[in-house]
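Reading the structure
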Amino acid sequence: MDVARVAGVSQKTVSRVFNDEPYVSAEVRRRVLEAAEQLGYRRNSAARALASGRTRSIGVVTLGTALYGPASLLMGVERVVRDTGYALRVVNSVEGDLAGIAGAVDSLLDQGVDGIVISEPIDEAGEDGDVTLRVAVPVLVIGAPPPVTAPTVLTVGDGADLMARTATEHLLGLGHPTVHHLAGPQRWYAARDRLEGWRATLTAHGRDVPPVIAGDWSAASGYAAGRELAEDGDVTAVFAANDDMAIGLIHALTEAGRRVPEDVSVVGFDDIPVAAHVAPPLTTVRQPFDAVAQEGLKRLVHVIENPEAAPLTASDPPVDLIIRASTAPPPNRTTPARGRRAASRSRRGKPDPSLSNGGPAT
């Protein structure tokens, strides 16, 4: 082994140094590290890690999903980490596994990462209570954080409630008496934030809060919700928690003879690439995935490299409502609405209990 030859030691001694094992003198350790530096062993990463106590790697915990939001966040994180000169290690957690995030974090800690990013976490709490993560390195959470104990916990991208307020305000500003909500699965913190932003806006304006319909982020679940909402003649505006569900919703409404936006206005969330090309083009809230990744990783790397310094201050995420053709003022009512109006009134203001206060499980 070239490092052993240059340092004048055995290969076993080199291995002990690289694995940070005891019983190696300071002088021998110095010679091995200098030899590794001289030879560019593993691009000097091993030597630098032993010399600095850092591996220059960042771990990311993400759901193994093709959903647009989590996938876009991961791509943004990958781009930023590459620019910082750190290596990236990704571990997928599994939705429905109560120890999913904790197990993924443990795997990354075993690899010696300098910091951890938890992207779009979901609620992993079981019947016994919350799963609390105890981490010995700085943690960046993109979205609402799960319970985490760490030297530093940073949060970015937690403005989904404000974005939901903006979407709901847009529909109320067009003159709709209230806004229905097609929610995402409530185990997702992101879905809870969007629901709470919608509900808080209606309450602040003194409007009725209709029952919530929950989907699973898919267009098929939006279609199923649309078939139900199409039967209620009082429904004139719907805020969907993501664009895929909004597109399925529009499909069902149109199929049932409810025109969008003439009869029902629809707003989505994310601004997926196809949102501008459906019929009608979808009004939606654009998520700033790249900006969130850029700010979050900048703050995390600052903490890793300056552990004694105060964390950088977080900025408020931008809110970008993209107004297209799926929203308009409500239709003029010349005759009483038919369908499920009476049933709707009896339930209004009493959302599904499972969707209040966070509820059970984009």
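What you see is a predicted model; the values in this text were computed from it and never measured. (Residues numbered from 1 in each chain as written. Predicted model: local features only at pLDDT ≥ 70, side-chain atom pairs only at ≥ 80, totals over all residues. Heavy atoms only, no water.)

The next subject is the sheet that holds strand E11 (residues 265-270). Picture the strands of a sheet paired through backbone hydrogen bonds; they go either parallel or antiparallel. One open sheet accounts for 6 strands, arranged E9-E8-E10-E11-E12-E13; its pairing is mixed. Across the chains shown, the open sheet's two edge strands, defined by having one partner strand only, are strand E9 (213-214) and strand E13 (320-322). Direction of pairing for E11 relative to strand E12 (residues 283-286): parallel, over a ladder of 4 bridges. Bridging from a neighbouring strand, Val 267 pairs with Thr 283 of E12. Against the sheet, helix H7 (residues 160-173) makes contact with strand E10 (237-240), E11, E12 and E13, and its axis sits at roughly 160 degrees relative to E11, the strand it touches most. (Pairing = 2+ DSSP bridges. Helix = DSSP H or I, 4+ residues; strand = E, 2+ residues; numbered from the N terminus. Contact = heavy atoms within 4.5 Å. Axes fitted to C-alpha atoms, helices over the stretch in contact; angles between N-to-C directions.)

The contact between H7 and helix H8 (residues 189-204) brings their axes to 7 Å, and the two run at 40 degrees. Compared by their axis directions, H7 and H8 come out oblique. Crossing hand, H7 versus H8: right-handed. Contact residues: H7 offers Ala 160, Asp 161, Ala 164, Arg 165, Thr 168, Glu 169 and Leu 172, while H8 offers Ala 190, Asp 193, Arg 194, Gly 197, Trp 198, Ala 200, Thr 201 and Leu 202. (Parallel < 35°, antiparallel > 145°, perpendicular 65-115°, else oblique. Left-handed = near helix turned anticlockwise from the far one by under 90°.)

The nonpolar side chains of soluble globular proteins are, as a tendency, buried together. If you look at the biggest cluster of nonpolar residues, it comprises 26 residues, and the most contacted ones within it are Leu 182, Val 238, Leu 249, Leu 253, Val 266 and Leu 282. Taken together, the elements giving at least two residues each to this core come down to helix H9 (219-230), E10 and helix H10 (243-255). Sequence-distant contacts of Leu 282, defined by excluding residues within four places in its chain, comprise Asp 243, Ala 246, Ile 247, Ile 250, Val 266, Gly 268, Ala 275, Ile 322, Arg 324 and Ser 326. In this structure, Val 60, Leu 154, Leu 300 and Ile 304 belong to the second largest nonpolar core, which totals 21 residues. (Core = buried A, V, L, I, M, F, W, Y, C linked by side-chain atoms within 4.5 Å. Buried < 20%, exposed > 50% of the residue type's maximum accessible area, 1.4 Å probe, protein only.)

With that out of the way, let us pick up the sheet that holds strand E2 (residues 87-93). With parallel pairing, 5 strands are arranged side by side in an open sheet as E2-E1-E3-E5-E7. Strands with a single pairing partner mark the edges of an open sheet, and in this sheet they are E2 and strand E7 (153-156). Strand-to-strand twist in this sheet, taken as the mean axis angle between neighbours without regard to direction, amounts to 20 degrees. Inspection of the sheet shows strand E3 (residues 115-119) paired to strand E5 (residues 139-142) by 4 bridges, in the parallel sense. Following the sheet pairing, Val 117 is matched in E5 by Leu 140.

With that settled, the discussion passes to unusual backbone geometry. Pro 261 follows Val 260 through a cis peptide bond whose omega is 10 degrees. Within the element layout of this structure, Pro 261 appears in the loop between H10 and E11. Here the amide bond leading from Ala 279 into Pro 280 is cis, since omega sits at -5 degrees, within 30 degrees of zero. Its location among the elements puts Pro 280 in the loop between E11 and E12. Phi is positive for Asp 270, close to 125 degrees, though the residue is something other than glycine. Here Asp 270 lies in strand E11. Phi is positive for Asp 271, close to 65 degrees, though the residue is something other than glycine.

Here the focus is the packing of aromatic side chains. On inspection of all chains with the given rule, the structure shows 3 aromatic pairs. Taken together, a centroid distance of 5.7 Å and an interplanar angle of 75 degrees make the contact between Tyr 68 and Phe 289 edge-to-face. One end of the pair, Tyr 68, is in helix H5 (residues 68-84); the other, Phe 289, is in helix H11 (residues 289-305), and 221 residues separate them in sequence. Here Phe 289 falls in the buried class, since its relative accessible area comes to 8%. (Phe/Tyr/Trp six-rings, centres within 6.5 Å; stacked < 30°, edge-to-face > 60°.)

Along strand E1 (residues 57-63), 7 of the 7 residues are buried, which leaves the element largely enclosed by surrounding structure. Along E1, one buried face is formed by Ser 57, Gly 59, Val 61 and Leu 63 and the opposite face, lined by Ile 58, Val 60 and Thr 62, is buried too.

The subject of this paragraph is the pattern of salt bridges. Inspection of the entire model under this criterion finds 9 salt bridges. Residue Arg 30 pairs with Glu 34 through a salt bridge whose shortest N-O separation is 2.9 Å. Of the two residues, Arg 30 and Glu 34 both sit in helix H3 (residues 26-39), 4 residues apart, roughly one turn of that helix. Judged by relative accessible area, which is 36%, Arg 30 ranks as partly exposed. Judged by relative accessible area, which is 44%, Glu 34 ranks as partly exposed. Where Asp 271 meets Arg 286, a salt bridge forms, and the shortest distance between an N and an O atom there is 2.8 Å. Placement of the pair is Asp 271 in the loop between E11 and E12 and Arg 286 in strand E12, with a sequence separation of 15 residues. By relative accessible area, Asp 271 is classed as buried at 11%. (Salt bridge = Lys/Arg side-chain N within 4 Å of Asp/Glu carboxyl O.)

Turning next to the packing of helix H2 (residues 11-18) against H3. For any two helices packed against each other, one specifies the crossing angle of their axes together with the interaxial distance. One way to put it is that H2 packs onto H3 with a least axis distance of 10 Å and a crossing angle of 90 degrees. If you check the angle between H2 and H3, you find them roughly perpendicular. Here Thr 13, Val 14, Val 17 and Phe 18 of H2 come into contact with H3, specifically with Val 28, Arg 29, Val 32, Leu 33 and Ala 36. Tallied by class, the residues present in the contact of H2 with H3 amount to 7 nonpolar, 1 polar and 1 charged. (Nonpolar A, V, L, I, M, F, W, Y, C, P; charged D, E, K, R; others polar.)

On to helix H6 (residues 100-110), then. Taken together, the buried positions of H6 are Gly 100, Ile 101, Ala 102, Ala 104, Val 105 and Leu 108. For H6, the elements touching its buried residues are E1, E2, E3 and strand E4 (133-134). Gly 112 sits one or two positions beyond H6 and adopts a positive phi of about 75 degrees.

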